[in-house]
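Inside the fold
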Number of protein chains: 2
Amino acid sequence: MKKADVVGILLDEKDKIPVVVLKTVEDNIQLPIWIGPVEAIAIQNALENVEPARPMTHDLIKNILDGLGAGVERVVITDLLENTFYANIVVGIGGREVSIDSRPSDAIAVALRMNAPVFINDQVFEKMKEKMDPDERLREYLNSLSSEDFGKYKM
Amino acid sequence: MKKADVVGILLDEKDKIPVVVLKTVEDNIQLPIWIGPVEAIAIQNALENVEPARPMTHDLIKNILDGLGAGVERVVITDLLENTFYANIVVGIGGREVSIDSRPSDAIAVALRMNAPVFINDQVFEKMKEKMDPDERLREYLNSLSSEDFGKYKM
């Protein structure tokens, strides 16, 4: 398990989908996670310390945790299954820990608000590597095709 | 304070903004609250018992509350100030109640998932009445104007 910083939000150039980029503290491995636009704004607001006039949904989560006297011990990006990243929010309350299943985007938006560290499980890097390594040249070829090419060849 | 049912989501015809409609159980007074599109989907999914493949943000809130052994006692639409509705989520844990400030849309999306009742404070109806009653004819006149009319007269 490696500790990671939240570097920021990028926009995937091809599909205009937001990407949150994590970077491991120890060895600077970058992990991009494709997320929804609303969660991207929630993460961006936390990174920029934007305080909305009314609590947005992730601010509400912070307010609920604070109100119950609970904290977030850590957030863990746990797995990558069929192109979907999985995460846990580990909540601490009264000396015990409760692990809550979460999309990574929600987990990161909550971690930033609760000043909680983010970790990435080792198997996530291995699965990213499997996805990337042997097909790197094929991937570059596919990326060089336009969306019209994709429509034409029905890949 | 009046108990209310969540009737459903409508789309404001003029501006295409989603509206969640509440109706008091006792005397069928309807209360429309203008909300965001993401929160509208969160409410609609709960009304239709849609279970997403991965937990969406309001499902995460339910999972956090369940994980901590907390419940939602009730949700209260508390006030209407400068065209903004205010709400509280009253969370119960270990015999005590904690009141959390929330946008009504989030509060309703959470209430539906936690099978919690929704109430509306009396002052909300009074303020809606002030807004509506004396100016009803003016309001109808304004509604009859197109957006170009509004631009023209700079009202």
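This write-up is about the structure you can find in this document. Quantities reported herein were computed from a predicted structural model and do not represent experimental measurements.

**A few points about the sheet that holds strand β1 (residues 2-11) of chain B**
For sheets, the rule is that strands pair by backbone hydrogen bonds, running either parallel or antiparallel. Here seven strands make up an open sheet; going across it, the order is β3-β2-β1-β7-β4-β5-β6 (chain B) and the pairing mixed. Strands with a single pairing partner mark the edges of an open sheet, and in this sheet they are β3 (30-34) and β6 (96-102) of chain B. For this sheet the average axis-to-axis angle between neighbouring strands, irrespective of direction, equals 35°. Here strand β5 (residues 84-93) of chain B pairs with β6 of chain B via seven bridges, running antiparallel. Its bridge partner being in β6 of chain B, V90 of chain B is matched across the sheet by S99 of chain B. On the sheet, helix α2 (residues 57-67) of chain A packs against β5 and β6 of chain B and is oriented at approximately 160° with respect to β6 of chain B.

**Description of the relation of the copies chain B and chain A**
These two copies of the chain differ by a rotation about an axis and a displacement along the same axis. You can overlay chain B on chain A at an RMSD of 0.0 Å; the transform is a turn of 180° with a shift of 0.0 Å along its axis. Both copies of the chain, as the preceding transformation shows, are related through a two-fold rotation axis. Using C-alpha coordinates, one finds that chain B approaches the rotation axis most closely at I61 of chain B, a distance of 3.3 Å. Counting the interface residues of chain B, we find that 100% of their copies in chain A are interface residues as well, pointing to one common contact surface.

**So, the packing of α2 of chain A against helix α3 (residues 104-113) of chain A**
All names here are of chain A. Running from N to C, α2 and α3 point in directions that differ by 55°, and their axes come no closer than 9 Å. By the angle class used here, α2 and α3 are oblique. In this structure, α2 meets α3 at a crossing whose hand is right-handed. The residues of α3 that touch α2, namely those facing H58, D59, I61, K62 and L65, are D106, A109, V110 and R113. Residues belonging to the contact of α2 with α3 are distributed by class as follows: four nonpolar, one polar and four charged.

**Remarks on the pairing of strand β4 (residues 71-81) of chain B**
Residues and elements named next belong to chain B. Here β4 runs beside β5; their pairing, made up of nine bridges, is antiparallel. Considered in β5, the bridge of L81 is made with T84. Connecting the antiparallel pair β4 and β5 is a turn made up of two residues, with E82 showing a positive phi of about 50°. Judged from the three bridges that link them, β4 and strand β7 (residues 118-120) form a sheet pairing that is parallel. The residue of β7 that forms the bridge with I77 is I120.

**Digging into the pattern of salt bridges**
All names here are of chain A. On inspection of all chains with the given rule, the structure shows 16 salt bridges over all chains. The salt bridge involving D66 is made with K62; its shortest N-O contact spans 2.9 Å. Taken together, the residues D66 and K62, both in helix α2 and four residues apart, mark about one turn of the helix. In this structure, the salt-bridge partner of K127 is D79, at a minimum N-O distance of 2.8 Å. Taken together, the residues span a long stretch of sequence, with K127 in helix α4 (residues 122-132) and D79 in strand β4 (residues 71-81) at a distance of 48 residues. Assessed through its relative accessible area of 22%, K127 is described here as partly exposed. Among the residues examined, D79 registers a relative accessible area of 14% and is labelled buried. In the salt-bridge network here, residues are joined through shared partners; they are E39, R103 and D106.

Rules and cut-offs
- Residues numbered from 1 in each chain as written.
- Chains lettered and ligands numbered in written order.
- Predicted model: local features only at pLDDT ≥ 70, side-chain atom pairs only at ≥ 80, totals over all residues.
- Heavy atoms only, no water.
- Pairing = 2+ DSSP bridges.
- Helix = DSSP H or I, 4+ residues; strand = E, 2+ residues; numbered from the N terminus.
- Axes fitted to C-alpha atoms, helices over the stretch in contact; angles between N-to-C directions.
- Contact = heavy atoms within 4.5 Å.
- Least-squares fit on C-alpha atoms with pLDDT ≥ 70 in both.
- Parallel < 35°, antiparallel > 145°, perpendicular 65-115°, else oblique.
- Left-handed = near helix turned anticlockwise from the far one by under 90°.
- Nonpolar A, V, L, I, M, F, W, Y, C, P; charged D, E, K, R; others polar.
- Salt bridge = Lys/Arg side-chain N within 4 Å of Asp/Glu carboxyl O.
- Buried < 20%, exposed > 50% of the residue type's maximum accessible area, 1.4 Å probe, protein only.

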